[in-house]
Amino acid sequence: MNDAKTDKRLRLYVGLVACAGIACLLVSALSVTAVPSSKLLLLGALTAITAGASGPIIKLRIRSDRRAFPATSGAILLAIATVPLPWVIICTALGVLASKAFTRQPIKVLFNVAKDTSAAAAAASVAFLAGIRPTTSLDVVVPSIPRLLLGLTAAALAYALLDHLLGHTAISLSTRTPWRQAASDNWDVVIGIRGINLVLALLTVMVVEHEELLILTMVPTVLALQLATKNKISQRADQEAWRRLAGTTDRLNVTDLESVLHAAVTLTPELFSADEAEIELRDADPPRLVRGSAGQLRYDGTVVGAPARDGSMIEAELDGPDGRMGVLRLRFRRPVTLNESERYKLQTFASSLSTAIGNARAYAELKRINAENAYAATHDPLTGLANRRELLDQANHIFARRAPEGMFAMLLIDLNHFKEVNDTLGHTAGDEVLREVARRLEDAARPDDLVARLGGDEFAVLLTGLPAPAVATHRAADLLAILERPIEVDGMQLTVEAAGGIALAPGSGGVSELMRRADVAMYQAKRSGQRTATYAHARDTADVGRLVLGGELTRAVTHREFVVDYQPIVDLGSGEVISAEALARWHHPEHGDLTPMQFLDTVERSGQLPAFVDAVLEQALTAVGGWREAGFDLPVAVNVSPRSLLDPTFPSAVLARLATHAVPADRLVLELAETLTLSQLEVVERALTELRDAGVRLALDDFGTGVSSLSVLSRIPVHQLKVDREFVVAVETSPEAAAVVRSTVDLARSLHLAVIAEGVESEPQRHALWELGCVAGQGHLFARPMRAGRLLATLQRGSDGRPGFLAGPLHKSGSVVRMARRRNPRSPLPHLPA
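How each quantity is defined
- Residue positions are counted from 1 within each chain, in the order its sequence is given.
- Totals for whole chains, interfaces and linings use every residue, but because this is a predicted model, local features are given only for residues with pLDDT of at least 70 and side-chain atom pairs only at 80 or more, for both listing and counting.
- Each side-chain value is worked out from all heavy atoms of the structure, with water and hydrogens disregarded.
- In this text, helices come from DSSP runs of H or I with a minimum length of four residues, and strands from runs of E with a minimum of two, each type numbered from the N-terminal end.
- Any two residues whose heavy atoms approach within 4.5 Å are treated as being in contact.
- The predictor attaches a confidence to each residue, and that confidence, scored 0 to 100, is pLDDT.
- The criterion for strand pairing is that DSSP finds at least two bridges linking the strands in question.
- Lines fitted to C-alpha atoms define the axes here, with helix axes fitted over just the stretch in contact, and angles between the N-to-C directions of these axes take values from 0 to 180 degrees.
- The buried label goes to any residue with under 20% of its type's maximum accessible area, the exposed label to any with over 50%, and the partly exposed label to all in between, with areas taken from a 1.4 Å probe on protein chains only.
- Counted as positive: Lys and Arg. Counted as negative: Asp and Glu, with His and the chain ends omitted from the count.
- When a carboxyl oxygen of Asp or Glu is within 4 Å of a side-chain nitrogen of Lys or Arg, the pair counts as a salt bridge.
- Exposure above 30% relative accessible area and the lack of any salt bridge qualify a residue for a patch; like charges then connect within 9 Å, and the nonpolar side chains Val, Leu, Ile, Met, Phe, Trp and Tyr within 5 Å.
- With residues, only the protein chains shown are counted as cover, and all accessible areas are computed by Shrake-Rupley using a 1.4 Å probe.
- When an angle is under 35 degrees it counts as roughly parallel; over 145 it counts as roughly antiparallel; between 65 and 115 it counts as roughly perpendicular; any other value is oblique.
- Crossing handedness is defined as follows: a turn of the near helix away from the far one that is anticlockwise and smaller than a right angle gives a left-handed crossing, while the clockwise case is right-handed.
- Nine residue types can take part in a nonpolar core, namely buried Ala, Val, Leu, Ile, Met, Phe, Trp, Tyr and Cys, and a core is a set of them joined through side-chain atoms within 4.5 Å.

**Section: the overall build of the protein chain**
Argument step 1. The secondary structure content of the protein chain amounts to 27 helices and 23 strands.
Argument step 2. Sequence-distant contacts, at least 24 apart, represent 70% of the contacts inside the protein chain between residues at least 6 apart.

Here's what the structure looks like:
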């Protein structure tokens, strides 16, 4: 519709200009008198010069139209100075008509003839008023130089003004561009052409005064001027196009895809002088189309819903890293052919646009990944609840601001007998139960409360805005009551029981103390068979020894009371030490050396676990460094609590310690409890993968003692299996124990894992394990746990004069032992086959 309206206005305008031109031509035709035959050559020459000057030598494309830059003014000025006004108009009309004779656009021919005729009439009239009045006999009589200069200058200005007004109005209407923009294009070049035309006209008039035939020299001069001007305009247009291309490309350097597309379709039409531009992203889902004209967005949506467009299309493919991502199209109202330079610019711009789209998409993907990582860092992947880290952060924030809107409390919830659900119905059913419990808790909690999953079957609710302590008990009871409704899993109705411990925020001690108190209350509820229990200091005596130790943990860490002993791991066949296990001890000033069984539970519940683990790692890696300097490159195995793996900072802390001590990652083995539940594994799997990918080795401790050994093994990317001592002790006398060891070895071989036996106390046990295929072990037969320095001295002393050996070989050198020995590429022990 806009195109039809534009054409109607343009036709009306052309008709008005044509009427004016025809009127001037008719008046001139009626005013002329007979012409002497001798002057026909002069009139013919002026007509020919006008035709040459009006020729389409200089042409530039503006959208669908090609605009000519003629030098007609020079020929008209020459005619004004040499022939009467009527002949100026007639020669102009005939010359312009001759130059456009082969043009297939009659409306354009009519307009150009009428425009130049009207402009010539105006210029000749101004010159006449200025005193330039050639004789009717057509004899060339040049007036005085000042009058000639003044008259032709005034005529040139009149012609330029009317030609500019009429011509650029038509361009503005046909191309739908602002008149000021159309009039300002190449204005300096146009002024230069008109100035040169004026000078040439003056010189030619002075020459023709002496010999009229010399007027013919004006023809090649005009042509030369046309060609020179054409080159100048082409060069200017090319430079301007590249400048605008660079500017447009810079505008695409944004990280938002929508901004890139919108900028491209609103800037490209002006860049390539097109009516519209559109971008089709074929690799989007669904395919997307964005369309615009100069400075205006027309459409942004699906390809199917885009309105149809008529006209000529020029396309450029948009290539992405995985192939073609889409296409850029330029639309013209009429067929247009791009020249070689324009095609190259289009390809260059399409390449820049492809890069901009790719960068914007990459940035969007990066933002999405960062958002997912940020969410994953603070949320439980199975239930979508906040995780332990987010719970602690929020609690610390509340502690810091101590808002006046009420008290707050921590509710810890533990599901009773949940392990039986996993073991009986499988972990898929267990996961469904956990998700349903999470959903119910979140639905029942108040908007300002925070529900979190701590790991496994443990949940926590941070209760806020409590007007009185008793309200915490009522809220906790309501939350646990909703869990008693049966949960349907695979057509079965399951009843979930839970126990909850409530602790009001203490005046001091922070979040760790709040969590500890809630934990104590939860176990009180479990022991008493109640649904909930609220922490009371008077009843915090269930384990007085543990609580006493808990109060001394900070001092123990500060005074370095945690020490590490090392028990060597030996190649059962050769007796060579191939590794060592780090065993933590608390060197208590009053109670002596305490084993982890006596204090580890207290450490885990106190908030001091990271400091304890850091102290053990520091000593273990220091020992490894000392052994390496002495020539014994032994890996060290360190036991890891599942609670440590729930700490998102644990992997980075371990890797930082390795870097500090310059110990290769494969010299550290982290031993995990085989009793680690699969629900815990879902939480710690990311930490284990990060450590394993960094080169840290993993071992599964006490293998065979849990009910889900194979399931756990399938989820943990371990390198070693450690056979529990209860099977090792009975390996000589119990066929069942021997079968467990043999099946463990066979399983390990099929998975390319190393097997280490714990608790080897006699040579018969060593022989029996060796014959069953177990090639490494540790126990009192070889050495008891000892400090790092003592172990180094023991290694240096060796056995039978062999440093690094703690026992003699099972077989004399040269004997043949028929055993399948396969080197394990994943084992951290250099002499330990899998």
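**Considerations on the confidence of the model for the protein chain**
Argument step 1. Predicted confidence across the protein chain gives a mean pLDDT of 80, with 81% of residues reaching 70 or more.
Argument step 2. pLDDT under 50 marks residues 814-834. Its contacts with residues more than four places away, or in other chains, come to 57 contacts.

**Digging into the sheet that holds strand β10 (residues 458-466)**
Argument step 1. Taken in spatial order, the five strands make up an open sheet running β9-β10-β8-β13-β14, and their pairing is mixed. Each having just a single partner strand, β9 (450-455) and β14 (532-534) make up the two edges of the open sheet. Strand-to-strand twist across the sheet, computed as the mean angle between neighbouring axes with direction ignored, equals 20°.
Argument step 2. For strand β8 (residues 407-416) and β10, the ladder comprises seven bridges, and the chain directions are antiparallel. In the strand pairing of β10, A409 is matched with L463.
Argument step 3. Where helix α14 (residues 427-444) meets the sheet, it contacts β8, β9 and β10, and its direction lies at approximately 5° from that of β10.
Argument step 4. Seen against the sheet, helix α16 (residues 510-528) touches β8, β9, β10, β13 (497-504) and β14 and runs at an angle of roughly 140° to β13.

**Re the environment of P486**
Argument step 1. With respect to the element layout, P486 can be found in the loop between α15 (469-481) and β11 (487-489).
Argument step 2. Note on P486: relative accessible area 44%, which makes it partly exposed.
Argument step 3. Each C-alpha atom of the pair P486 and V496 lies 7.1 Å from the other, and the pair is ten residues apart in sequence.
Argument step 4. Ignoring anything within four residues of it in the chain, the contact list for P486 reads R440, Q493 and L494.

**As for the side chain of E390**
Argument step 1. For E390, the position within the fold is in helix α12 (residues 388-401).
Argument step 2. Look at E390: it is buried, it has no salt bridge, and the nearest opposite charge is R389 at 6.6 Å.
Argument step 3. Not counting chain neighbours up to four residues away, the residues in contact with E390 comprise T378 and L450.

**What to know about the sheet that holds strand β5 (residues 296-302)**
Hydrogen bonds along the backbone pair up the strands of a sheet, which may run parallel or antiparallel.
Argument step 1. Pairing is antiparallel in the open sheet, where five strands are placed in the order β5-β4-β3-β7-β6. This sheet does not close on itself; its edge strands, each paired only once, are β5 and β6 (312-320). The sheet shows a mean angle of 15° between the axes of neighbouring strands, taken without regard to direction.
Argument step 2. By the bridge criterion, five bridges tie strand β3 (residues 276-281) to strand β4 (residues 288-293) in an arrangement that is antiparallel.

**A look at the pattern of salt bridges**
Argument step 1. Counted under the stated rule, the structure contains 37 salt bridges.
Argument step 2. The partner of R291 in a salt bridge is E278, and the shortest N-O contact between them spans 2.8 Å. Of this pair, R291 sits in strand β4 while E278 is found in strand β3, placing the two residues 13 residues apart along the sequence.
Argument step 3. For E278, a relative accessible area of 7% translates into the label buried.
Argument step 4. Between D380 and R453 there is a salt bridge whose closest N-O contact spans 3.0 Å. Of this pair, D380 sits in the loop between α11 (340-378) and α12 while R453 sits in strand β9; the two residues are 73 residues apart in sequence, bridging distant segments of the chain. The same class applies to D380 and to R453, which are both buried.

**With respect to a nonpolar patch on the surface**
Argument step 1. On the surface, a nonpolar cluster with roughly 280 Å² of combined accessible area is contributed by I22, L26 and L110.
Argument step 2. Relative to the helices and strands, L110 resides in helix α5 (residues 106-129).
Argument step 3. Residue class for L110 comes out partly exposed when judged on its relative accessible area of 40%.

**Section: the packing of helix α10 (residues 257-271) against α11**
Argument step 1. In the contact formed by α10 and α11, the axes pass within 9 Å of each other and the chain directions differ by 165°. Relative to α11, the element α10 lies roughly antiparallel. Considering how the two elements wind past one another, α10 and α11 form a crossing that is right-handed. Each of L257, V260, L261, A264, T268 and L271 in α10 lies in contact with α11, whose residues at this interface are F349, L353, A356, I357, A360 and R361.

**Side note on the nonpolar core**
Argument step 1. If you look at the biggest cluster of nonpolar residues, it comprises 79 residues, and the most contacted ones within it are Y566, F612, W627, L668, L670 and L769.
Argument step 2. The residues contacting L670, other than those within four sequence positions of it, are V638, V640, F650, L691, V696, R697, L698 and A699.

**What to know about the pairing of β5**
Argument step 1. Pairing of β4 with β5 involves six bridges; the strand directions are antiparallel. Its bridge partner lying in β5, S293 is registered against Q296.
Argument step 2. Following β4, the chain reverses through two residues before pairing antiparallel with β5; G295 in that reversal takes a positive phi of roughly 75°.

**Overview of unusual backbone geometry**
Argument step 1. In this model, D285 is joined to P286 through a cis peptide bond whose omega is 0°.
Argument step 2. With respect to the helices and strands, the residue P286 is situated in the loop between β3 and β4.
Argument step 3. Of note in this structure, R560 is not a glycine but carries a positive phi near 55°.
Argument step 4. Unusually for a residue other than glycine, D800 sits at a positive phi of about 55°.
Argument step 5. Tracing the backbone through its elements, the reader meets D800 in the segment after α27 (788-797).

**Focus: the environment of A429**
Argument step 1. As for its placement among the helices and strands, A429 is situated in helix α14.
Argument step 2. In this structure A429 comes out as buried when scored by relative accessible area, which is 2%.
Argument step 3. As for A429 and V489, which are separated by 60 residues in sequence, their C-alpha atoms are 6.4 Å apart.

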